[in-house]
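Given next are the chains, with one letter for each unit.
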Amino acid sequence: MSNLDVSISDTSLRRRLLVGSISLAIAVSIIFIVVAYRLASDLAESTEVKEFNKQFQWVFGELEGLYSEIEDPDKLLTAVLNAPFYQSLESDLVAVEILVNNKLQYQIRNTVDTTQIIEELGMLNFPINANGAMDVNDQHLVWQFQRSSDNTFSLLVVRKISGLEDALDYIANRLSITAFLTFWLAIWAALVMSALITKRFEQNNEKLAYLAMHDSLTGLKNRTYLVEFFNSQHAERKNTELSTDVNSSALLMIDLNKFKDVNDTFGHTTGDQLIQVIALRLKEAITKKDVLVRYGGDEFVILLNLDDSRDVIPLVSAILICCGQPVPLANTQFEVGASIGVAYYPQDGEILDTLFKHADIAMYQAKKLRTGFEFYQKQLPDFSERQVLLRGQLSQAIESQQFILVYQPKVSLPDGKLIGLEALARWQHPVEGLLSPAEFIDLIEQSGTIHSFSRFVITEAIRQASEWLAGGKSIPISINLSAYNLTDVELVPFFKQQLDHYQVPAHLLEVELTESASMADIKITQNAFAQLHSLGIKLSIDDFGTGMSSFAYLRELDMDFVKIDRSFVATMLDDRRNELVIKGLISMCHSLEKNVIAEGIETEAQAQKLFELGCRIGQGYFFGKPSFVSDITPRIS
Amino acid sequence: MTLPKMNLCKLDRVIRGVLSVALIIFAVFWADKIGDVLLQTLIIVFAVLNLISFAIGWCPVYKLANISTFKD
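Small disclaimer: the values here were computed from a predicted structure and weren't measured.

A. Geometry of the overall build of chain B. Helix and strand counts for chain B stand at four helices and zero strands. Overall, chain B shows an N-to-C arrangement of helices and strands of α-α-α-α. Here chain B, with 72 residues, has 21% of them falling under the buried criterion. Sequence-distant contacts in chain B: of pairs separated by 6 or more residues, those separated by 24 or more amount to 73%.

See the structure below:
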C-alpha cells in the first residue's frame, strides 16, 4: 500500500533553498569584505597623506630657513645633514631631494630611484607644487614636490606608505574572521529556514493529499483513494499473472436502509452522527488488508482482500449485524440496517466501474428482496441493470417533469356514477416509454427522491383539481403517498400551502396510504393522519388485507376509507372463503363507520356481488382504466 | 537525562573536532593577530559548540533542520 501514500517530500525544493541561501551568504560576505577593505584602505591612505603633508611642510620650512641663513651652496648640504630636523626624519621618507634650477642638486636621502618622478615633473614643466603616488617593487609610494617662493630651490620627498599595510593587515584579519563566523551563522540560518519552509510545504501537501483521499465526515478513505488503490492492485496482479480463476477480492456495496428517514426526521446533524457511528463499526469489522470507503451519502464500499481465501458470507453477515444494531443518538435508538451487494474481482468484473455496477445491482436486489445481502449473478443482468439505470435518472426525471398523472375513476355501486378519481403517476421515459408505478415506485422509495416526487404528485393533483373547479367540475382526487412521506415534517405544511395557493377545498383531496412493511412506527402514522385530518383531507388505507398489521391499522388509525385489495376481489367469485373475508371486512368497516372501496373490479358480476355484500364504492377496469386528463374530463359532471 | 539521538556521522564529527580544536588554538595563541576580544570570544564559543556536538555526536542545528548524516 506504500505506493499509494502520497508523499510529496520535495527534496529538490529543499536543496534549492539551501543552495540559494548559502550563495546569498557568500555573495553578501564578499561584497561586505570588498567594500569594507576599500573603505579602510581609502581611510588609511587619506590619513597617511595628511600626515605626510605635515612632515613635508615641516622639512620644507626647515630648508627654507637654512637657505636664507647660508649663502654658500657648498656648505648647505653639511648644514642640512647637521640640522636637527634631519636627525629626526622618519624612516618612512625614502627619498628627500633638493632641486635647484629644476636639476637634482642634493640627495639628502635616496633609497628609491626618483628619476621617473623628476621626468614626470619635467613634463609638467616643474609647477610650484605637485604630488602623486606610484608603486615600485610592491611598495606603495607617495611623493610631494614644492618650489620655494623665491625660486632658489625645490623639494621632492617620497614616502613609503607602510602604516597602511599594517592597518589593512589588521582589518583584513578581523574581516575574514567575521566573514567566517557570519558565513557559518548564515549556513545555520539557511539550514533551519529551508527545513522550516520545506516542512510547512510538506504539511500543506500532506493535508491536501489527505483531503483528496479521505472523506471529511468519517475520516474514512474516499472514492478517489479506492480507484487508485484498485488500479495499483490491478496492475500488480497483471504483472504477477495469477490465474484468473481465483477471486482475489470482493467489492461490497453497503447501503443503509432507513438512513433517509433519520436524516429527514431528525436533521442532518443526527444523520451525520449516525454515519459516523456506522463508519466506526464498519472499520472494526474489517481487517487491515481491506479498504473501507465512504462512497457518498449513506453508501459505503468495502474492498475485501481474499488472498487468504477468506469466506465472504460470514464477513458480510457480521457487517449486516453491526449495521443493524441500534445506534443510540439524540435520546433515541436508531435501527437503520443495511443492504449489501457483493461483486467478485475478477469474476464479476475486471475494472472497477463494472464491479461497482454489478455490486450496485446486487445491492439493489438485496434491498428489493429484503435479504440483507446478495451476490451479483449474471443470470438477471438486464432487468436489474435497467433498474439501476432508471434509478440513476430519477432526479433528472423529476426535475424535467417527465412524470405525469393519470386518473382512474371511482364509482358508486351499483349505478356506476363517477364519484372520485385516483391519481396515478406515470413516467414518460424518453427511451423506455410510459412506465407504470410498479417499475419505479420501489426505486423512488430507495433513492431518496421520494419527497420531491411526492411533492410533485401533491402539487399536480391539487393543480388539476383547481383546474376542474375553474371549469365548474368538483370531484375528489386521491393521491398515493408512501410511508416514507409520513416522516417528512414538512409534508402537512406543504399540503396546506398548496391547497391555499390553488384555492382548493381540502375535502376534495384524499390521501391513500399503502399498507407497507416499512411502515414501522404506527405513532408517526397516527400523528400524520391526525394532522392531515385537521386540514380536512380525507384518508384511506390502500391494498387492505395484504399487509401484516391490517387490523392494528383499523384499530389505531383514524381513516375514512378502506380499500380492499384487488387480490380478494379477483378470486372472490371462485373462492368462497375470499367472499366471506370480504363480507366480514365490509361489515367490520361499517361498524367502525368507515367506507369500503373495492379495487380491481373487472367484471359486472364482481361489481354486482360486491354491491350485494354491502360495498358501495368500486374501482377497476370495468368502470374505467387510468386515463389522461383529456379523456377523463368529459366524464366529470 | 539521556543523550539525544545521534545525527552526525563519523566524518562529520571528525571535521567538527579538528575544526574546533584548531579554532581554539588559533583564538588562544594568536589573540594579537585577531586583535579583538569580541571576535575572539565568538570564535571560542563557536569552537566550543562544535566541540560539544563532536563529543556527543548530535547537532542541534541538524535537529532543527531535520538533517541527519548519521549512519549505523
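The structure having been displayed, the exposition proceeds.
B. Structural context of the interface of chain B and chain A. With 13 residues of chain B at the contact, the number on the chain A side is 13 residues. Listed by contribution, the elements that provide at least two residues to the side of chain B that touches chain A are helix H2 (31–34), helix H3 (37–56) and helix H4 (60–65) of chain B. Considering every element that reaches the side of chain B that touches chain A, the biggest residue donor is H3 of chain B, with four residues. Considered class by class, the residues forming the side of chain B that touches chain A number nine nonpolar, two polar and two charged.

C. Quick peek at the environment of Val-336 of chain A. Topologically, Val-336 of chain A is positioned in the loop between strand S10 (332–334) and strand S11 (338–345). Among residues more than four places away in sequence, those in contact with Val-336 of chain A are Leu-256, Asn-257, Lys-258, Phe-259, Val-262, Leu-274, Cys-323 and Val-327 of chain A.

D. A look at unusual backbone geometry. Residue and element names in this part refer to chain A. Cis rather than trans, the peptide bond between Tyr-345 and Pro-346 has omega equal to 0 degrees. You can see Pro-346 is positioned in the loop between S11 and helix H10 (352–369). The omega torsion across Leu-413 and Pro-414 is 5 degrees, close enough to zero to call that bond cis. Within the secondary structure, Pro-414 is located in the loop between strand S13 (403–412) and strand S14 (417–429). Of note, Asn-125 is a non-glycine position whose phi angle comes to about 65 degrees, a positive value. For Asp-543, which is not a glycine, the phi torsion comes out positive at approximately 50 degrees.

E. Broad picture of the confidence of the model for chain B. Residue and element names in this part refer to chain B. Here chain B averages 85 in pLDDT, and 94% of its residues register 70 or above. Confidence scores differ between elements of chain B, with H2 showing the lowest mean pLDDT of 78 and helix H1 (residues 10–29) the highest of 91. Here the predicted complex carries an ipTM of 0.82, next to a pTM of 0.48.

F. Region of the structure containing the pairing of S11 of chain A. Residue and element names in this part refer to chain A. Burial within S11 is extensive, with eight of its eight residues counted as buried. Burial of the side chains of S11 extends over both faces: Ala-338, Ile-340, Val-342 and Tyr-344 are buried on one face and Ser-339, Gly-341, Ala-343 and Tyr-345 on the other. Pairing of strand S6 (residues 249–256) with S11, which is carried by eight bridges, proceeds in the antiparallel orientation. The residue of S11 that forms the bridge with Leu-251 is Ala-343. Sheet topology note: the S11/strand S12 (residues 373–375) ladder contains three bridges and is parallel.

G. Structural detail: the packing of helix H7 (residues 259–266) of chain A against helix H8 (residues 268–285) of chain A. Residues and elements named next belong to chain A. Packing of H7 against H8 brings their axes to within 6 Å, and their N-to-C directions diverge by 145 degrees. Here H7 contributes Phe-259, Val-262, Asn-263 and Phe-266 to the contact with H8, which in turn contributes His-268, Thr-270, Gly-271 and Leu-274. Of the residues that constitute the contact of H7 with H8, the class distribution is four nonpolar, four polar and no charged.

H. Broad picture of the packing of H8 of chain A against helix H9 (residues 312–324) of chain A. Residues and elements named next belong to chain A. The interhelical angle for the contact between H8 and H9, taken along N-to-C directions, is 155 degrees, at an axis separation of 10 Å. When the interaxial angle is binned, H8 and H9 end up roughly antiparallel. The interaxial crossing formed by H8 with H9 has right-handed handedness. Between H8, through Ile-278, Arg-281, Leu-282 and Ala-285, and H9, the contact on the second element is made entirely by Ala-318, Ile-319, Cys-322 and Cys-323. Looking at the contact of H8 with H9, its residues break down into seven nonpolar, no polar and one charged.

I. Expanded view of the sheet that holds strand S4 (residues 139–147) of chain A. Residue and element names in this part refer to chain A. Strand order across the open sheet formed by five strands is S2-S1-S5-S4-S3, with antiparallel pairing between neighbours. Each of the sheet's edge strands pairs with one partner strand only, and the pair in question is strand S2 (103–110) and strand S3 (129–136). For this sheet the average axis-to-axis angle between neighbouring strands, irrespective of direction, equals 15 degrees. Direction of pairing for strand S1 (residues 93–100) relative to S2: antiparallel, over a ladder of six bridges. Following the sheet pairing, Leu-99 is matched in S2 by Leu-104.

J. Here's a closer look at the confidence of the model for chain A. In this model, chain A carries a mean pLDDT of 83, and residues with pLDDT of at least 70 account for 94%. Considering only residues more than four positions removed or in separate chains, one finds that residues 1–9 of chain A, a stretch of pLDDT under 50, has nine contacts.

K. Main features of H3 of chain B. All names here are of chain B. Over its 20 residues, H3 extends 29 Å from the first C-alpha to the last, a length consistent with the 28 Å expected when each residue adds 1.5 Å. The complete set of buried residues in H3 reads Leu-42, Ile-43, Ala-47, Asn-50, Ser-53 and Phe-54. Each buried residue of H3 sits inside an arc of 130 degrees when the element is viewed along its axis, so together they form one side. Facing away from the buried surface of H3 by more than 90 degrees, the exposed residues are Val-37, Leu-38, Thr-41, Val-45 and Ile-56. Gly-57 occupies a position one or two residues after H3 and carries a positive phi of about 70 degrees.

L. The pairing of S4 of chain A, seen in detail. All names here are of chain A. Both S3 and S4 contribute to a ladder of eight bridges, which runs antiparallel. The residue bridging Ala-130 from the neighbouring strand is Phe-145, located in S4. In this structure, the hairpin formed by S3 and S4 is closed by a connection of two residues, where Asn-137 is found at a positive phi of approximately 50 degrees. Of the pairings in the sheet, the one linking S4 to strand S5 (residues 154–160) comprises seven bridges and is antiparallel in character. Residue pairing for S5: Trp-143 is matched across the bridge by Val-158. Linking S4 back to S5 in an antiparallel pair, the connection comprises six residues, with Asn-151 at a positive phi of about 65 degrees.

M. Looking closely at the nonpolar core. Residues and elements named next belong to chain A. Counting 63 residues, the largest nonpolar core has Ala-461, Ile-477, Val-562, Ile-564, Val-596 and Ala-598 as its most contacted members. In terms of residues, this core owes the most to one element, helix H13 (residues 450–470), which gives seven residues. With residues up to four places along the chain from it excluded, the contact list for Val-596 reads Val-562, Ile-564, Leu-585, Ile-586, Cys-589, Cys-615 and Ile-617. In this structure, Ile-254, Leu-256, Leu-304 and Val-336 belong to the second largest nonpolar core, which totals 47 residues.

N. Fine view of helix H14 (residues 491–502) of chain A. Residues and elements named next belong to chain A. Taking 1.5 Å of rise per residue, the 12 residues of H14 would be expected to cover 16 Å, and the 17 Å separating its terminal C-alpha atoms lies within 8% of that figure. Turning to H14, its buried residues number three or more, namely Leu-491, Phe-495 and Leu-499. The buried residues of H14 occupy an angular sector of 70 degrees when the element is viewed end-on, so they sit on one face. Pointing more than 90 degrees away from the buried face of H14 are the exposed residues Pro-493, Asp-500 and His-501. Here the buried face of H14 lies against H13 and helix H15 (522–535).

O. Main features of the environment of His-451 of chain A. Residues and elements named next belong to chain A. Within the element layout of this structure, His-451 appears in helix H13. On the neighbour-count criterion, His-451 (19 C-beta atoms within 10 Å) is partly exposed. Sequence separation between His-451 and Asn-485 is 34 residues; the distance between their C-alpha atoms is 6.4 Å. Contact partners of His-451, with chain neighbours within four places excluded, come to Asp-264, Asn-485 and Asp-488.

Calculation notes
Residues numbered from 1 in each chain as written. Chains lettered and ligands numbered in written order. Predicted model: local features only at pLDDT ≥ 70, side-chain atom pairs only at ≥ 80, totals over all residues. Helix = DSSP H or I, 4+ residues; strand = E, 2+ residues; numbered from the N terminus. Buried ≥ 20, exposed ≤ 12 C-beta atoms within 10 Å, placed from the backbone. Contact = placed C-beta atoms within 7 Å. Nonpolar A, V, L, I, M, F, W, Y, C, P; charged D, E, K, R; others polar. pLDDT = per-residue confidence, 0-100. Pairing = 2+ DSSP bridges. Axes fitted to C-alpha atoms, helices over the stretch in contact; angles between N-to-C directions. Parallel < 35°, antiparallel > 145°, perpendicular 65-115°, else oblique. Left-handed = near helix turned anticlockwise from the far one by under 90°. Expected span 1.5 Å × (residues − 1). Arc of directions from axis to C-beta. Core = buried A, V, L, I, M, F, W, Y, C linked by C-beta atoms within 7 Å.

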